[in-house]
Amino acid sequence: MKNLLKMAALAAVVCVGFASCSDDDDVDNKTVSGTQEALDQACKDWKTARANWENTEAFLFGAADVYSIDPHTDTWPVAANDLAQVLRDEKAMSNLDNFIKTANSGILGYHGLEYVLFRQGQPRKIDQITELEYKYICAVAKDLYNATATLEACWDSKESNAERLKIAKEYVATHLAIDDDGNQEGALDGFQNFGKAFKNPGTGDWETALDATLEIISGCQDIIGEVGQSKIGLPYTGEDPSYIESPYAYNSITDFYDNIVSCKNALYGAMGATKPNEKSLVYFCLNSGNNTVVNQTKAVQTKLDNALAKIKAMKAPFALNYSDASCKVAIDALGELDDALGELAETLKGYAGNETVEAQCQVINENYVDNVVVATYRTLADNAYKLYQSIVRIKK
């Protein structure tokens, strides 16, 4: 879920640097001592970590939702005026690691970093990055890594990484919940292992194995609807032209595409899947022996590939072409995919209580946790750490 932050959006689009958003002449505008090569590498690593994040958006239930990690790391548009104020706040700047744990989500995460690192789809010039901006993005990148490490640890049913498990428990204890309007609303719930709960029906949010399997479909539908109706739809229809994801890096269409790749991975049972894993939901449905289920699943596959193709064919960059007719074509394709998944889910709900289906769903769910969710979060955390290191190395 993302905050609209509409009042800050237009300021974010027109500002070319934090200092330019204010008339305060006392701001320290000393530029960082670094190399363009190092900044360019940080931008490359941002795009890698960004793709990894977008590949998780089909499973934003669980830790990403309960611990407000999604809005904390992926809110847009950037609240540029708030960012400018932070860079003038001596108290905040002197203790950024703690400040960021409870700060306005519109100045954090991927898009807070993007705003400093990119302009018009290209890395900024190193002589435009101020010391204050550098200090700030180092802290934001560190927090982003801690958030992604928390996601991995909270879904790893084996709790196999002691370091990331420690990070997760500290993250949950020190960050705050965020409501639908982006406001802080108190402490987070205590640490819990969502991977264990997903694999063991009745111990957490999922009463049966089928309930958990249906959550796989629901997670896909949530992001499909968001991409079509909000990420593309709000700017395209003119309802909110400022609601553009990744506008400084010109990464919007890649974001949309990677969101739907996350659905393919979830349904096909593996990262980077090109065909269904034998323990996946789609494989089970195709081999169910039920003509209705088989035909509905084939329709999902067709609509999924079509949606990906239509997004890829959108006129780029989206930030400059959000009213192009290709956007409507992609919206329609996403709507058809959503409908196809909805029909399949309704049919599967009819098998509630069926012991054979429950047993197969158990296999699907265990594979999903290990080979989709944890595998993706682990890759995400690894590359978020690389991004953090790259950002630190911007300064000589």
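Given the structure is predicted, the values throughout are model-derived calculations rather than measurements. (Residues numbered from 1 in each chain as written. Predicted model: local features only at pLDDT ≥ 70, side-chain atom pairs only at ≥ 80, totals over all residues. Heavy atoms only, no water.)

Draft legend 1. Representation of the pattern of salt bridges. The final tally for this structure, using the stated rule, is 20 salt bridges. Between D74 and R50 there is a salt bridge, and its shortest N-O distance comes to 2.7 Å. Note that D74 is positioned in helix α4 (residues 69-74) and R50 in helix α2 (residues 36-54), a separation of 24 residues in sequence. You can call D74 buried: its relative accessible area is 0%. The salt bridge partner of K142 is D97, with a shortest N-O separation of 3.2 Å. Taken together, the residues K142 in helix α9 (residues 131-155) and D97 in helix α7 (residues 96-101) connect sequence positions 45 residues apart. (Salt bridge = Lys/Arg side-chain N within 4 Å of Asp/Glu carboxyl O. Helix = DSSP H or I, 4+ residues; strand = E, 2+ residues; numbered from the N terminus. Buried < 20%, exposed > 50% of the residue type's maximum accessible area, 1.4 Å probe, protein only.)

Draft legend 2. Highlighting the pairing of strand β4 (residues 184-187). Where strand β3 (residues 176-178) and β4 come together, 2 bridges link them in antiparallel fashion. Looking across to β4, one finds that L176 is bridged to A187. The turn joining β3 and β4, which pair antiparallel and follow one another in sequence, is formed by 5 residues; a positive phi near 85° is taken by G182. (Pairing = 2+ DSSP bridges.)

Draft legend 3. Region of interest: the packing of helix α8 (residues 109-117) against α9. Following both chains from N to C, one finds α8 and α9 inclined at 150°, their axes separated by 9 Å at the closest point. Taken together, the axes of α8 and α9 lie roughly antiparallel to each other. Seen from above, α8 lies across α9 with left-handed handedness. Residues G109, Y110, L113, V116 and L117 of α8 touch α9, and the partners they reach there are E133, I137, V140, A141, L144 and T148. For the contact of α8 with α9, the per-class residue count stands at 8 nonpolar, 2 polar and 1 charged. (Axes fitted to C-alpha atoms, helices over the stretch in contact; angles between N-to-C directions. Parallel < 35°, antiparallel > 145°, perpendicular 65-115°, else oblique. Left-handed = near helix turned anticlockwise from the far one by under 90°. Contact = heavy atoms within 4.5 Å. Nonpolar A, V, L, I, M, F, W, Y, C, P; charged D, E, K, R; others polar.)

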